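Summary of the model geometry
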Amino acid sequence: NYQELSVDTIASRLKTIDAVTSRIGTDTSKWQVKEVGDGNLNLVFIVEAPEATLIVKQALPYVRLVGDSWPLPLYRAYYEHEALVRQQQRAPGTVPEIYYFNNEQALIIMEFLQPHIILRGKLIAGEKVANLSETMGKFCARTAFRGSELSMKSADKKADVGLFSGNVEIPAITESLVFTDPYYDAEMNHNTPELEGIIKNIRSNTALKNRVQKMMMKFASNTETMVHGDLHSGSIMSTDNDSRIIDPEFAQYGPMGFDIGMLTANFLMAYFSQPGHRSQADLSDYQGWILATIKETFEHFYAEFRHLWNTERTGMLYPASLFEDQGQSSAAACDDVLDHILQDAISICGIEMHRRVLSLAHNADFESIEDTSIRAPLEARNIMMGAELILNAENIKDISSLTSMAERFNTG
Ligand code: SR1
Ligand code: MG
């Protein structure tokens, strides 16, 4: 019974849903509808009425970016909804409120965030967002901790891993587009032509490919926590001082460092692409702000994770019976877990930096720089730093080393 929504049919489809009419009434002549989906997979409508505005998101039975030659199951909307529910519990106030879900129609109706816009647009425009690092650091820490057996009862965690394991096609996209395709001449890949030489070097580097495969093994089989799974700057909506996290359709159980690693990569790509977007005069102040945002995101992540460790360790892992909560041993164990998270985050970061310029789904940070003679050297810095992160993850012991490395690569 699934029927794709359109601007023309949406009013008649929604006017019988209580969760809709209780918010925007029944006079559909006053509704204004726009399709605004600019992501790679779904339809997204804004339905505006005098009383309120709603977001209506519907999964398509194929990958929007590619077309119906790449079918994609509608059941992914079920997992997206389940993920939103968990994120709302684990990191309250950071995701849009859900008003309605219809599994058969793969439809989620939710809060319209206003005046938020996609963070990536702000980063390209050189706009600073106050509190971004705090929101993102705490979101990553809370979802990582509270979705793991540090917090959850073992049986609940296993059941949830079982539930999410039914969502097979979405992780398969990440396994191909993120972990595999960048490292060979895959059919859907594309790249800036001037990068051919550097790409050849990356694709012939066996040590690097081994490390990426090792990380993919972790991604595919290490179910530490429920990750957002696609935490790039297009999955964050911000005002000048408030940010929310959207689009958890790639949620799955995976390594705790996955989200913060992917987020860091997207901050770094914003950083490296800046010379293509602004004049020398504004450059160093804004690039400095991006690097400070990376550092502060990790500081908030660590502080929040340690706080949860000390106050909410209710799962089977590191129980108080083995570790005194106030004692040295528990703090050292927490530091050890955080080191392991940083290691994974650094590898993921490098891999994400590669896939956004080598594989199918590029980002506007680089892609909107039309002059390829400007874009290519900036992408090259990003590729080189990505390789360094992957090959030397275990030698990067703190986030300052990563931001200093970015400054080194940024000078060309
Ligand atoms: C075919 S989907 C391509 C990409 O879009 C999503 O936002 C994910 O990042 C995915 O890898
Ligand atoms: Mg998305």
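Rules used in this analysis
- Residues numbered from 1 in each chain as written.
- Chains lettered and ligands numbered in written order.
- Predicted model: local features only at pLDDT ≥ 70, side-chain atom pairs only at ≥ 80, totals over all residues.
- Helix = DSSP H or I, 4+ residues; strand = E, 2+ residues; numbered from the N terminus.
- Rg over C-alpha atoms; globule rule 2.2 N^0.38 Å.
- Buried ≥ 20, exposed ≤ 12 C-beta atoms within 10 Å, placed from the backbone.
- Contact = placed C-beta atoms within 7 Å.
- Pairing = 2+ DSSP bridges.
- Axes fitted to C-alpha atoms, helices over the stretch in contact; angles between N-to-C directions.
- Core = buried A, V, L, I, M, F, W, Y, C linked by C-beta atoms within 7 Å.
- Domains from an automatic or database assignment.
- Near = placed C-beta within 6 Å.
- Nonpolar A, V, L, I, M, F, W, Y, C, P; charged D, E, K, R; others polar.
- Expected span 1.5 Å × (residues − 1).
- Parallel < 35°, antiparallel > 145°, perpendicular 65-115°, else oblique.
- Left-handed = near helix turned anticlockwise from the far one by under 90°.
- pLDDT = per-residue confidence, 0-100.

**Details of the overall build of the chain**
Along the chain, the regular secondary structure elements total 15 helices and 12 strands. Taking 22 Å as the expected radius of gyration for a compact globule of 412 residues, we find that the chain reaches 21 Å, a close match to that expectation. Overall, the C-alpha framework of the chain stretches about 60 × 60 × 40 Å when taken along its three principal axes. Put simply, the chain has 412 residues, and 44% of those count as buried. Counting only contacts in the chain whose residues sit at least 6 apart along the sequence, the fraction spanning at least 24 positions is 74%.

**Here we look at the sheet that holds strand E3 (residues 53-59)**
Strand order in the open sheet formed by five strands is E1-E2-E3-E7-E6, with antiparallel pairing between adjacent strands. Where the open sheet ends on each side, the last strands, each with one partner, are strand E1 (32-35) and strand E6 (98-102). Sheet twist, expressed as the mean angle between neighbouring strand axes with direction ignored, is 20 degrees. Summarising the sheet, E1 and strand E2 (residues 42-48) pair through four bridges and their orientation is antiparallel. Opposite Glu 35, over in E2, you have Phe 45 as the bridge partner.

**Digging into the nonpolar core**
In this structure, Cys 140, Leu 268, Tyr 271 and Ile 346 are the most contacted members of the largest nonpolar core, which totals 85 residues. Among the elements that make up this core, the one with the highest residue count is helix H12 (residues 328-358) (12 residues). Summarising the domain contributions, this core has at least three residues from each of domain 1 (10-111) and domain 2 (117-410). Beyond its immediate chain neighbours, meaning those up to four positions away, Ile 346 contacts Gly 261, Leu 389, Ala 393, Ile 396 and Leu 402. Grouped together as the second largest cluster of nonpolar side chains are 18 residues, Ile 24, Trp 31, Val 33 and Ala 59 included.

**Digging into the site of ligand 1**
Residues in contact with ligand 1, as listed here, are Gly 39, Asn 40, Leu 41, Val 63, Leu 65, Ile 173, Thr 174, Leu 177, Asp 230 and Ala 361. With three residues, helix H7 (residues 169-177) is the single largest residue contributor to the shell around ligand 1. Tallied by class, residues from the shell around ligand 1 come to six nonpolar, three polar and one charged. Two domains each donate at least three residues to the shell around ligand 1, and these are domain 1 (10-111) and domain 2 (117-410).

**What about the environment of Ser 176?**
Residue position: Ser 176 is located in helix H7. Looking at Ser 176, the number of C-beta atoms within 10 Å reads 16, which means it is partly exposed. Between the alpha carbons of Ser 176 and Ser 359 there is a distance of 9.1 Å; along the sequence they are 183 residues apart.

**Observations concerning the pairing of strand E5 (residues 67-71)**
With zero of its five residues buried, E5 lies for the most part at the surface. Here strand E4 (residues 62-63) folds back onto E5, and the loop between the two strands holds three residues.

**Section: helix H14 (residues 372-391)**
If you check H14, its first and last C-alpha atoms are 28 Å apart, about what 20 residues at 1.5 Å a residue would give, namely 28 Å. Where H14 is concerned, the buried positions are Arg 375, Leu 378, Glu 379, Ala 380, Arg 381, Asn 382, Ile 383, Met 385, Gly 386, Ala 387, Leu 389 and Ile 390.

**Examining the packing of helix H9 (residues 206-221) against H14**
Interaxial distance between H9 and H14 falls to 9 Å at its minimum, and their mutual angle equals 65 degrees. One way to sum up the angle between H9 and H14 is to call them roughly perpendicular. For the pair H9 and H14, the crossing hand works out as left-handed. Of the residues in H14, those touching H9 at Ala 207, Leu 208, Arg 211 and Val 212 are Ala 387, Ile 390 and Leu 391. Of the residues assigned to the contact of H9 with H14, the class counts are six nonpolar, no polar and one charged.

**Let's talk about the domain arrangement of the chain**
Here the chain is partitioned into domain 1 (10-111) and domain 2 (117-410). Across the contact, 18 residues belong to domain 1 and 21 residues belong to domain 2. Looking at the side of domain 1 that touches domain 2 residue by residue, the classes come out as 10 nonpolar, four polar and four charged.

**Notes on the pairing of E2**
In this structure, the hairpin formed by E1 and E2 is closed by a connection of six residues. Sheet analysis places E2 next to E3, joined by seven bridges and oriented antiparallel. If you follow Ile 46 over to E3, its bridge partner there is Ile 55. The antiparallel hairpin formed by E2 and E3 contains four residues in its connecting segment.

**Considerations on the confidence of the model for the chain**
This prediction gives the chain a mean pLDDT of 96; 99% of its residues lie at or above 70. Within the chain, the lowest mean pLDDT, 94, falls on E5, and the highest, 99, falls on helix H5 (residues 132-146). What the predictor reports for the complex is a pTM of 0.97 with an ipTM of 0.98.

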